[in-house]
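For reference, the chains in residue letters:
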Amino acid sequence: MNRYILIGDLHANHIGLEKLLKLAKYNENEDCLIFLGNYIDNLNYNKFSAKKTVDHLLKLKSKSEKIFFVKGNNDLFFINLLNSKKFSSVWIRNGGRQILQSYGINDFDKLQLQIEKIPYSHRLFFSNILQDYYIDKNIIAVHGGFVNEEQMIAVSNNEVLSSELLHQITWDKKFIFSKLDEDKNMFKKYFKNRKLIVGNTPYGPYQNNKNLNWLLVDGGSKIGKKQLGLIIENDNYNFINEDGFIDFNDN
């Protein structure tokens, strides 16, 4: 098995990401680097920058073919803005303002005239590079979790998700915590012994003690906490943040 490095919700914490990858001794030629979504929305943390974060992600992408970017629920808001040039007030209040300001957009009433301030490569990152999920013979990475069997069938068949299924799989916050045998058995039916890695819920690091291969990697960057990641190598895994490897309690 290749070594995997999975990065939880970034929320524009490009500084924490750089520290984490350095501590993890990331090897762009060997390691499989997977991001779990929610790349740029952030609250009032001056050190965070949406623009600088995407710049850094594109730089990483240019150096490796073993790097993958999963869509997050908050990324869907930004994709919608790029497509429609319209935004919701909820999104603005929950990090959208900081995203647009990082691109020099301050007059939201004239957004349609200013969308070109967002570099084309950044718009392409969200429209063409992000993927619905990641799956291989060892792991599955989704932003949120599974809501129903239909999603599992689609992912196990490596299908493009409908907008409804994508919304569900990115917004779910419950599946990772499930202790139900029916959820465990359904997952095993479609994915066998693969590890399930998710973000979206800032209670990481977390391992489901009923399903030991289910791991949560969202450490709360959006509220200013340390950037969280996960390293998987063979049957071993370790959580890591921008200060180094960390211990955690099973829940």
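Up top you'll find the structure we're talking about.
Residues numbered from 1 in each chain as written. Predicted model: local features only at pLDDT ≥ 70, side-chain atom pairs only at ≥ 80, totals over all residues. Heavy atoms only, no water.

Student: How do you make sense of the packing of helix α3 (residues 73-84) against helix α4 (residues 89-102) when you look at a structure like this?
Tutor: Helix packing geometry: the angle between the two helix axes and the distance between the axes. For the pair α3 and α4, interaxial distance at closest approach is 11 Å and the crossing angle is 65°. Note on packing geometry: the crossing formed by α3 with α4 is right-handed. Contact residues: N74, F77, F78 and L81 in α3; W91, I99 and L100 in α4. Split into classes, the residues belonging to the contact of α3 with α4 amount to 6 nonpolar, 1 polar and no charged. (Axes fitted to C-alpha atoms, helices over the stretch in contact; angles between N-to-C directions. Helix = DSSP H or I, 4+ residues; strand = E, 2+ residues; numbered from the N terminus. Left-handed = near helix turned anticlockwise from the far one by under 90°. Contact = heavy atoms within 4.5 Å. Nonpolar A, V, L, I, M, F, W, Y, C, P; charged D, E, K, R; others polar.)

Student: Sorry, what's going on with the sheet that holds strand β5 (residues 139-142) here?
Tutor: In sheet architecture, strand pairing relies on hydrogen bonds along the backbone and comes in two forms, parallel and antiparallel. Overall, mixed pairing links the 5 strands, which are arranged β4-β5-β6-β8-β7 in an open sheet. Each end of this open sheet is capped by a strand with a single partner; those strands are β4 (134-135) and β7 (206-207). Strand direction decides the pairing type here: β4 and β5, joined by 2 bridges, are antiparallel. Residue pairing across strands places I135 opposite I140, the latter belonging to β5. Each of β4, β5, β6 (195-198) and β8 (214-216) is contacted by helix α9 (residues 181-191), which is oriented at about 105° to β8, the strand it contacts most. (Pairing = 2+ DSSP bridges.)

Student: Can you walk me through the nonpolar core in this structure?
Tutor: One recurring pattern in soluble globular proteins is that nonpolar side chains are buried together. One finds F35 and F78 to be the most contacted residues of the largest nonpolar core, which totals 37 residues. Of all elements in the fold, only β1 (4-7), α1 (14-23), β2 (32-35), α2 (50-63), β3 (67-69), α3, α4 and α6 (120-129) reach the threshold of two or more residues within this core. Ignoring anything within four residues of it in the chain, the contact list for F35 reads I7, L10, L17, L57, L60, I67, F68, F69 and V70. Membership of the second largest hydrophobic core comes to 21 residues, among which are L166, I169, F191 and L216. (Core = buried A, V, L, I, M, F, W, Y, C linked by side-chain atoms within 4.5 Å. Buried < 20%, exposed > 50% of the residue type's maximum accessible area, 1.4 Å probe, protein only.)

Just distances and angles here, no functional claims.
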